[in-house]
Amino acid sequence: MIKRKGYISKLKKILKKNKVENIDEIIEDINELFSAKISEGKSENSIITELGTPESVAKQYIDKNKQKPMGNLSKVIKFSFIGICSVFTILFTLAAIFAGIGEIDVTGASVYDRDIEKNVYVLSSQTDFKNDYITVTLKNVSKNDFEDQILHLEYLDNGGDSVGDAYSEQKVVTIASNSTKTISFRNPGWMYSEYYEIVVCVRDIYNVSSWGTLKNGREFVEIINDRQRVNKENTYFVICEGVLAFISFTIDIILITNVVLQKKKKCL
Amino acid sequence: MDIQFKKGNLDLCVLHLLNKRDYYGYEISSIISRYIEIGEITIYPILRKMQHDGLLTYYLKESNDGPPRKYYKITLEGRAKYKLMKEEWEEFYKNLTKFFMEDHND
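Definitions and cut-offs
Residues numbered from 1 in each chain as written. Chains lettered and ligands numbered in written order. Predicted model: local features only at pLDDT ≥ 70, side-chain atom pairs only at ≥ 80, totals over all residues. Heavy atoms only, no water. Contact = heavy atoms within 4.5 Å. Buried area = accessible area lost by both parts, 1.4 Å probe. Salt bridge = Lys/Arg side-chain N within 4 Å of Asp/Glu carboxyl O. Polar contact = N/O pair within 3.5 Å; in protein donor to acceptor, adjacent residues only side chain to side chain. Helix = DSSP H or I, 4+ residues; strand = E, 2+ residues; numbered from the N terminus. Nonpolar A, V, L, I, M, F, W, Y, C, P; charged D, E, K, R; others polar. Buried < 20%, exposed > 50% of the residue type's maximum accessible area, 1.4 Å probe, protein only. Phe/Tyr/Trp six-rings, centres within 6.5 Å; stacked < 30°, edge-to-face > 60°. Lys NZ or Arg CZ within 6 Å of the ring centre and 35° of its normal. Pairing = 2+ DSSP bridges.

Asks: Please clarify how the interface of chain B and chain A should be interpreted in this entry.
Replies: Interface extent is often summarised as the accessible area lost during association of the parts. Counting from both sides, the interface comprises 13 residues of chain B and, opposite them, 18 residues of chain A. Approximately 1,500 Å² of surface area, both sides summed, lies buried where chain B meets chain A, with 54% of it carried by carbon and sulfur atoms. Of all residues in chain B, the largest losses of buried area upon contact with chain A belong to B:Tyr26, B:Ile41 and B:Arg48, amounting jointly to 44% of the total for that side. Summed over the shared surface of chain B and chain A, the number is five salt bridges. Taken together, the connections running from chain B to chain A amount to six residue pairs in polar contact (both at pLDDT 80 or more). Elements represented by at least two residues in the side of chain B that touches chain A include exactly α2 (25–35), α3 (43–52) and β3 (69–74) of chain B. The element contributing the most residues to the side of chain B that touches chain A is α3(B), with three residues. Taken together, the residues of the side of chain B that touches chain A sort by class into six nonpolar, two polar and five charged.

Asks: Got a minute to help me understand the pattern of salt bridges in this structure?
Replies: If charged atoms from side chains of opposite charge come close, those side chains can pair. A complete count under the given rule lists 15 salt bridges over all chains for this structure. Taking the shortest distance from any N to any O, the salt bridge between A:Glu25 and B:Arg48 comes out at 3.9 Å. You can see A:Glu25 sitting in helix α2 (residues 23–39) and its partner B:Arg48 sitting in helix α3, one on each of two chains. Judged by relative accessible area, A:Glu25 falls into the partly exposed class, the value being 33%. One salt bridge connects B:Lys86 with B:Glu90, and the closest N-O pair in it is separated by 3.5 Å. Separated by four residues within a single helix, B:Lys86 and B:Glu90 lie in helix α4 (residues 76–101), roughly one turn from each other. Given a relative accessible area of 28%, B:Lys86 falls into the partly exposed group.

Asks: Looking at this model, I keep getting lost on the environment of B:Lys70. Mind explaining?
Replies: For B:Lys70, the position within the fold is in strand β3. Along the backbone, B:Lys70 and B:Gly25 are 45 residues apart, and their C-alpha atoms lie at a distance of 7.3 Å. Excluding anything up to four places from it in sequence, B:Lys70 contacts A:Glu28, A:Glu32, B:Tyr23, B:Tyr24, B:Gly25, B:Arg48, B:Tyr58, B:Tyr59 and B:Leu60. There is a polar contact of 3.3 Å between the side chain of B:Lys70 and the side chain of A:Glu28.

Asks: Just to check I follow, could you spell out the packing of aromatic side chains for this structure?
Replies: Remark: the centre distance and the inter-plane angle together describe each pair of aromatic rings, the angle taken between the planes. Residues and elements named next belong to chain B. Throughout the structure, instances matching the rule amount to seven aromatic pairs over all chains. Every member of this aromatic cluster is reached through a ring pair, and the members are Tyr24, Tyr59 and Tyr71. Above the face of the Tyr23 ring, Arg21 is positioned so that its terminal group lies 3.8 Å from the ring centre. Lying over the aromatic face of Tyr58, Lys70 brings its terminal NZ or CZ to 4.4 Å of the ring centre.

Asks: Before we go on, may I ask you to explain the side chain of B:Thr75 in this structure?
Replies: Residues and elements named next belong to chain B. Assignment of secondary structure puts Thr75 in the loop between β3 and α4. Within the structure, the side chain of Thr75 is placed 3.0 Å from the backbone nitrogen of Gly78, a separation counted as a polar contact. Beyond its immediate sequence surroundings of up to four residues, Thr75 is in contact with Gly54, Leu55, Leu56 and Thr57.

Asks: Is there a simple way to think about the sheet that holds strand β2 (residues 56–61) of chain B in this case?
Replies: Pairing between the strands of a sheet comes from backbone hydrogen bonds, and it takes one of two forms, parallel or antiparallel. Residues and elements named next belong to chain B. In spatial order, the strands read β1-β3-β2; together these three strands make up an open sheet with antiparallel pairing. Lying at the two open borders of the sheet, with one neighbouring strand each, are β1 (23–24) and β2. Relative to β3, β1 runs antiparallel, the two being bridged by two bridges. Each residue of the ladder has a partner; that of Tyr23, found in β3, is Tyr72.

Asks: Teacher, can you tell me more about unusual backbone geometry here?
Replies: Excluding glycine, most residues fall at negative phi; most peptide bonds, likewise, are trans. Residues and elements named next belong to chain A. Of note, the phi angle at Lys19 is positive, near 55°, even though the residue is not glycine. Checked against the element boundaries, Lys19 lands in the loop between α1 (2–17) and α2. You will see that Asn22, though not glycine, has its phi angle at about 55°, which is positive. Mapped onto the elements of the fold, Asn22 is located in the loop between α1 and α2.

In structure tokens:
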């Protein structure tokens, strides 16, 4: 009895260690075999001899287990990852494409054309202090429209500093490419050109000002740098998304190949 | 004897016996091992699988010298499967015999 018990428990231990399934059923079968042979008159020793060591018996069940291609859990994990990676690949690719073609912008504003030239020239200006008006004629020499830009006049003292709240009214201005426009600003009555330098100032969508002195023929708007910044950031963004998309895609392919190969193994 | 060859035919042997009458596991193993060399415990997983697939059922029967024994009984499905497997085997055996008898240099 002790030999049998010891044998069975040793066998159980090995099976458990190797994570074999249905151990109870296996033990049931072994016990049945023992009982049947004992009733034939065989001794426990001879039964054990005929059966073989617990290791060799267990081996017959372990190999079958190892051949099992995928446990349920690893299957679930694998398929989840494939799903996630597929989604990420698509998302990253779409993000890269949209950023690349200019549909979205990472800084939150719309993206302009990449080759921006210096935009606008002050063609001429006239000051009419008597009637408190300053008129400015601007020419857009670039191939981009100067669209919905907010212009105002600023007043600088001798030191070149802006004089307090001395802004003129703001005007929203659009000048199509290669065209001119004349804008009138209402001058705050107390400003006189002898004391102040007047500059035309434009505030762009990023709230950054550029300005040019109100002198004839003087180019003044230069918001290129901001746009270039946007473009540069967009380019980085596209590259990052591209790399991420590629990585997700690669992981995806590896996992799918792994699953397919294991399925093939199972069929063989 | 080659394992693959053996495995396919063991199912047939088991069904053949159970088609005649009910047996318990060790009996089946003993009888078959007189003709085909099989491991002591080989037969048990086969019986379980067939029972799982609905080809067999089992019941417990008291025995004089030991615990109750698990007797296997063939089902209608099992009988049908046996008939099919037997026919397939006979067909195979017939063709194989023919093959060995032929002179293939004609």
